[in-house]
Amino acid sequence: MSRHSTRDAILVATVFGAILLMPPIIPFFDRPVSLFGMPLIVVYVFGIWLALIGLSWRLSRQLPVEGTREPIVPPAIDDAGRHEKAD
Amino acid sequence: MLSANIVLFTALAYVALLFLVAFVSDTRARKGWLGLVRSPVVYTLSISVYCTSWTFYGAVGSAARSGLEFATIYLGPTLVFVGWWFLLRKLVRIGRIHRTSSIGDLISSRYGKSTSLAVLVTLIAVVGTTPYIALQLKAVTASFQVIADATNTSLLGMPTRELDVRTGFWIAAGMAVFTILFGTRNIDANEHHHGVVAAIALEALVKLFALLAVGLYVVFSIGGGVAEVFRLPTAAAVLQGPETFGTRWVALTFLSAAAIVCLPRQFQITVVENADEGHLRTAGWLFPLYLFLISLFTLPIAIVGLATLPAGSNPDMFVLTLPMLHDQSALALLVFIGGFSSATSMVIVASIALSIMVSNHIVMPIVLRLPRRSVGVSGDVKKLLLVSRRISIGVILLLGFAYFVASARSDALAAMGLIAFAGVAQFLPSLIGGLYWHQASKSGAFSGLLAGVLVWGYTLLLPSFEGGPVSASLINDGPWGITALRPQALFGADGVDPLVHSLFWSLGLNLALFVLVSLFRDLKPLERLQATLFIDVFRNPADNESRFIRRSAAIDDLYILAQRILGTDQAQRLFQDFARRQGSRDDLPQPDTEFIAHLERQLAGGIGAASARVMVSQVITGETISLDELMRLVDETQQVIEYSQQLEHKSQQLQITAGQLREANERLKTLDAQKDDFLSQVSHEVRTPMASIRSFSEILLSNQDLSTDQSMRFLDIIHTETLRLTRLLDEILDLSHLERGELTWTLEPVDASAILRRAVETCQGMADGAEVDVEVDCRADDVEVFAHRDRLSQVFINLISNAIKHNTDDAPRLRIVSSVLDGRFIVDVQDNGPGIAPADRERIFTKFSRAWTTARPTATGAGLGLAITRAILRRMNGTLDLLPSMGAGACFRVALPVRRAAADVSK
């Protein structure tokens, strides 16, 4: 996936995650049904949560690291000096 | 056996461990060994300072009271971190480029390095955080109390009643010492506190481990498995709470999402302490995972606690009381340490963040406004800042402690977490607006923030003191009995959840004022510049600043200033370094605008953007902000889009024009070729008769002894050739007149069919001579058209004689058909001759078309006939076409609009 489509996928994941966890969708799962020995709503909320984490893990790995790393900042006292050298 | 004293000594030992970790990390960092401290995992763990003791103990209490609602506090941050690419990345980038030291610094810097805005943000942060710190103290003392009560031991012989205040004080004092030691070691250009971060990361692990341990124990040892836990009757009671997923659910998720960005301590850890933007990639999934794990066992613990602990137990302490009830001393101790960790980490980071804000945004501006003291000594500002930070840490913790004492007997603290969230959420409009909206102005941000905080204080903070300093009647009946002003039901908004109510009014007013005032106030140049630098941070390096601000200063003044703030060593290194970058051999750089901007940014890292600007301005001799340059940058994107659209449009136009030009060129070329042909043809046609005239007249002149007969014959030839010449010139003249429309004929109604008949008769003799079989089929009779009688006759004769002349067939035939079709009089002249080659179909109508018909060298005439014929017909609104060949020969069609057809013979 290109950087742009990854970025779009992140946006979609965030927005859809929010929509799925908000009314009017979430009350739909709030009913006395059990799944894996747990109430449906608990499985639903934690399931979406885990899915979001998985997606974020997958997508974050595809994004390029931009050259933004600060040079190793040494001791605070002489920080400015050496820091600038690395620029 | 567990006792209060054992717990105390364990806690002290744990604190000693924290000191050690912080000390070692700090020492290693000073030597440049940053391996572990700068890893993305440590960064993520330190972000978990979000999970305070409110999470550690309070989440279970919240779950016991309102079921799944506790999850909202973690779902909001989860969403923000999953979408880190859009907001957090920008914040971190801005924080790094502009050396932002706090959220107050970011907001003030964005809105033109405004001091007043920084002061307001700092005050809001202090007001919002103090109760939060008190909440942590309360949680720790409460956990001490629980252990002391449960084990019937006393802490260092203190009576239980006094336990809370004294322990609270000592905890606050201990935290102050730790924070001062590791949080204010230096004025750092980027405010990194490696020791603190390392300690916080360790604490994050401890609290997660403690919660998971107690969760596993509760579920599998006490509860007997997940399914069994959820089968308990209390499970249904917890989960079937009324309206869990209503507006409050949405509001809480939003609030927690706002808090993870706006809380000063979160900003400190996520943005200021961030060493590498790439760490966000890990935090983007690892932090949500941390939150997920930490809340995994919240529900089961609440359910089991409600089911097994005696009625009336404080659900906020279930995490601790459950293992104690089952005599799990080690586990209880671990839980206590976990809770202690979450409290201390929050207090430490929050007080660092606040002390930076207080010293940079309140103390510094005051000092700067004091009458100028003696000439600054090297490092004096630095010393002042450090001292003010140390004092602020003490004061902040003291405030928290005072708040804790004042409200020790009330339950107000339980709601304090959310109240603090709602308070800092007021930063959200200014922060987000500042990052994405160019028009957002300082006055807008200031008025929005102020109004939002006042409404928040009135609708949420004030009612939390009910029963204490605030009377119940104020809450229930409104001030002076005005019901429309009841804090929890403003303007009659009754029956709404108090938090949702307060959020609606405070954030609504905040946002409305922010937007409206921003729209109606023009930005100052510096605001505009900062807005552009912040919003387009990914396109504009901070160095761009020097493009817009022209400043000059004496290098000595700048050096003294840098020394005062950074200290001699650091200032010297900074100057040397920049001098080298400028390519100068000297130790002092040129004080150009670029260097001044660079220096101001470095100073801003220590004392905040607003103060740095004020201090630099004091030594600056002239400053102009180039508005033109700025506007150009602001409109850059707009312009690029516009240009590309224009370009596209223009290129389309160009393509069309080029096509037209090509066509015109082709036409011109053809015309040019025709003209050349015409000229050569004319000269040729003129030359032939002229040649014979000349030669015969020469014979006549030179030979006097010619017979009369011969002379007569020669004269006759000369005469004939002269006639031919005249005819040719007449034709050319005629044609050119026709083409230019110079001939004035009067068109009159004539009987076209009669003219056709007469023309056929005229040509009959010629046809007979050439032995052409002429067949006439007049299907239309008495057809009246508007025409010139003689000219129309000329047209028909031309066509018929052409057909006769050029027919080379052995049995030449000619067929003339006239008819009326669609209101037009049509005459087809069809022969069975050789026909016209497809390539010549259009050419034959041009002048001297005969020139091309090389296949018929015997043909006579100048080749102007068809051109003249067509020109004549055009003048009569008619047409002359060569019909698509059908078999042998050519078929010419004359068509003229009919004025009146008396009778159609064919019908």
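Further up the page is the structure itself.
Just so you know, these numbers come straight off a predicted model, no measurement behind them. (Residues numbered from 1 in each chain as written. Chains lettered and ligands numbered in written order. Predicted model: local features only at pLDDT ≥ 70, side-chain atom pairs only at ≥ 80, totals over all residues. Heavy atoms only, no water.)

S.K.: When you look at helix H14 (residues 279-294) of chain B in this model, what are you seeing that I'm missing?
M.R.: Each α-helix winds once per 3.6 residues, and so residues spaced three or four apart point in a common direction. All names here are of chain B. For H14, spanning 16 residues, the distance from its first C-alpha to its last is 21 Å, which sits close to the expected 22 Å at 1.5 Å a residue. Buried residues dominate H14, accounting for 12 of its 16 residues. Along H14, the positions that sit buried rather than exposed are His279, Leu280, Thr282, Ala283, Gly284, Leu286, Phe287, Pro288, Tyr290, Leu291, Phe292 and Ile294. (Helix = DSSP H or I, 4+ residues; strand = E, 2+ residues; numbered from the N terminus. Expected span 1.5 Å × (residues − 1). Buried < 20%, exposed > 50% of the residue type's maximum accessible area, 1.4 Å probe, protein only.)

S.K.: Explanation requested: the nonpolar core in the structure shown.
M.R.: The nonpolar side chains of a soluble globular protein tend to be buried, and buried together. Residue and element names in this part refer to chain B. By size, the foremost hydrophobic cluster in this structure holds 187 residues, and its most contacted members are Tyr50, Leu68, Leu91, Phe421 and Phe427. Lining this core are residues from two domains, each supplying at least three of them: domain 1 (4-368 + 378-408) and domain 2 (527-634). Excluding anything up to four places from it in sequence, Phe421 contacts Tyr50, Trp54, Ile73, Tyr132, Leu255, Ser256, Ala259 and Leu263. Judged by nonpolar contacts, the second largest core, of 49 residues, contains Val829, Ile872, Leu882 and Val894. (Core = buried A, V, L, I, M, F, W, Y, C linked by side-chain atoms within 4.5 Å. Domains from an automatic or database assignment. Contact = heavy atoms within 4.5 Å.)

S.K.: Where do I start with unusual backbone geometry in this structure?
M.R.: Note: most peptide bonds trans; most residues except glycine with negative phi. Note that the residue after A:Pro23, namely A:Pro24, is joined by a cis bond; omega there is 5°. In this fold, A:Pro24 is placed in the loop between helix H1 (3-20) and strand S1 (34-35). At B:Arg99, a residue that is not glycine, the phi angle is positive and equals roughly 55°. Along the polypeptide, B:Arg99 turns up in the loop between helix H5 (88-97) and helix H6 (103-110). Judged by relative accessible area, which is 10%, B:Arg99 ranks as buried. Residue B:Lys113 is not a glycine yet carries a positive backbone phi of 55°. With respect to the element layout, B:Lys113 can be found in the loop between H6 and helix H7 (115-151).

S.K.: It is not clear to me how a nonpolar patch on the surface should be interpreted in this structure. Could you clarify?
M.R.: Residues and elements named next belong to chain A. A grouping of Leu11, Val12, Val15, Phe16 and Ile19 is seen on the molecular surface, where their side chains present a nonpolar patch of about 430 Å² in accessible area. Structurally, Val15 is set in helix H1. For Val15, a relative accessible area of 40% gives the class partly exposed. (Patch = residues over 30% accessible without salt bridge, like charges linked within 9 Å, V, L, I, M, F, W, Y side chains within 5 Å. Areas by Shrake-Rupley, 256 points an atom, 1.4 Å probe, with all protein chains shown as cover. Salt bridge = Lys/Arg side-chain N within 4 Å of Asp/Glu carboxyl O.)

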